[in-house]
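Residue-level listing of the chains:
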Amino acid sequence: MKTLKDHIKRTISVTENELEHMVQLFQPMTLEKETHLIKYGQYCENYYYVESGSLRVYTMVDNLVVTNWFAFEGNFFTDLESYTYQCQAKFNIQAIENCSLLYISRNNMNALLNQYPAWGELVRKTWEQAFLRLSQIVLSVQTISAKGRYEQLFNHQDLIQKTPPRELVSLLSITDSPLTKE
């Protein structure tokens, strides 16, 4: 829970009592490499924080695996549409290495949002960062060649070290690459 506490303190201003109350509503869980946290069609009831490890968010399109997102240490994540609207998940979420996660239920998340305006600020800042990352990905796919996207990848060594090559090229929307061959 220390990493979650540190993340909260870096992002918003809270008292120690508020911080303790916030983190006590999270539950720990572990996920082994290649294990699915959520599969397409399931319902996502929780919001997650990655204490250690990494996960990928992917979907299938015409029997092709398309990697949409990664969640690394220090990231909050969920299948937002399923979590928010209580509908079936459109994505799969799978550990790409052993993970230590913390999760909070929708009811407890709503309780924090109702009780602490600062928690709402944390959620807003988290979503802003995610939206900006997603916007950057979309813009790069729309405006940069596959070779250019591949070259930019080397600016993100943590991503390269933790992610299998075929998932990287999927994220970059490179469909014909020697890296995708087994």
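Per chain, the residues get numbers from 1 upward, laid out in the order the sequence is written. Under the rules for a predicted model, residues below a pLDDT of 70 receive no local features and side-chain atom pairs below 80 are neither given nor counted, while totals for whole chains, interfaces and linings still include all residues. Note: side-chain values were computed over all heavy atoms of the structure, leaving out hydrogens and water.

**A word on the pairing of strand β5 (residues 64-72)**
Link 1 in the chain: Here, a strand pair is defined by DSSP locating no fewer than two bridges between the strands. Only DSSP runs of H or I covering at least 4 residues are called helices, and only runs of E covering at least 2 are called strands; the numbering of each starts at the N terminus. Relative to β5, strand β4 (residues 54-61) runs antiparallel, the two sharing eight bridges. Opposite Met60, over in β5, you have Val65 as the bridge partner.
Link 2 in the chain: Turn length for the β4-β5 hairpin, with the two strands adjacent in sequence and antiparallel, is two residues, and the turn residue Asp62 shows positive phi of about 50°.

**Considering the sheet that holds strand β8 (residues 99-105)**
Link 1 in the chain: Reading across the sheet, the four strands line up as β1-β8-β3-β6 and stay open at both edges, with antiparallel pairing between neighbours. Where the open sheet ends on each side, the last strands, each with one partner, are β1 (27-31) and β6 (76-77).
Link 2 in the chain: Two elements, strand β3 (residues 46-52) and β8, share six bridges in a ladder whose sense is antiparallel. Bridging from a neighbouring strand, Val50 pairs with Leu101 of β8.
Link 3 in the chain: Only heavy atoms enter the contact rule, under which two residues are in contact if any of them lie within 4.5 Å. Lines fitted to C-alpha atoms define the axes, with helix axes restricted to the stretch in contact, and inter-axis angles between N-to-C directions lie between 0 and 180 degrees. On the sheet, helix α4 (residues 106-115) packs against β3 and β8 and is oriented at approximately 70° with respect to β8.

**Remarks on the side chain of Thr59**
Link 1 in the chain: Structurally, Thr59 can be placed in strand β4.
Link 2 in the chain: Any residue under 20% of the maximum accessible area for its type is buried, any over 50% is exposed, and the rest in between are partly exposed; the area is computed with a 1.4 Å probe on protein chains only. The class for Thr59 is buried, based on a relative accessible area of 14%.
Link 3 in the chain: Look past the residues within four positions of Thr59 in its chain and what remains in contact with it is Leu64, Val65, Val66, Asn68, Lys90, Phe91 and Asn92.

**Digging into the pattern of salt bridges**
Link 1 in the chain: Counted as salt bridges are all cases of a side-chain nitrogen of Lys or Arg within 4 Å of a carboxyl oxygen of Asp or Glu. Tallying each qualifying case throughout the model produces six salt bridges.
Link 2 in the chain: Notably, a salt bridge pairs Lys125 with Glu121, separated by 3.0 Å at the nearest N-O pair. Of the two residues, Lys125 and Glu121 are both situated in helix α5 (residues 117-143); the distance of four residues between them amounts to about one turn of the helix.
Link 3 in the chain: A salt bridge links Arg124 to Glu128; its shortest N-O distance comes to 2.7 Å.

Nothing here speaks to function; it is all geometry.
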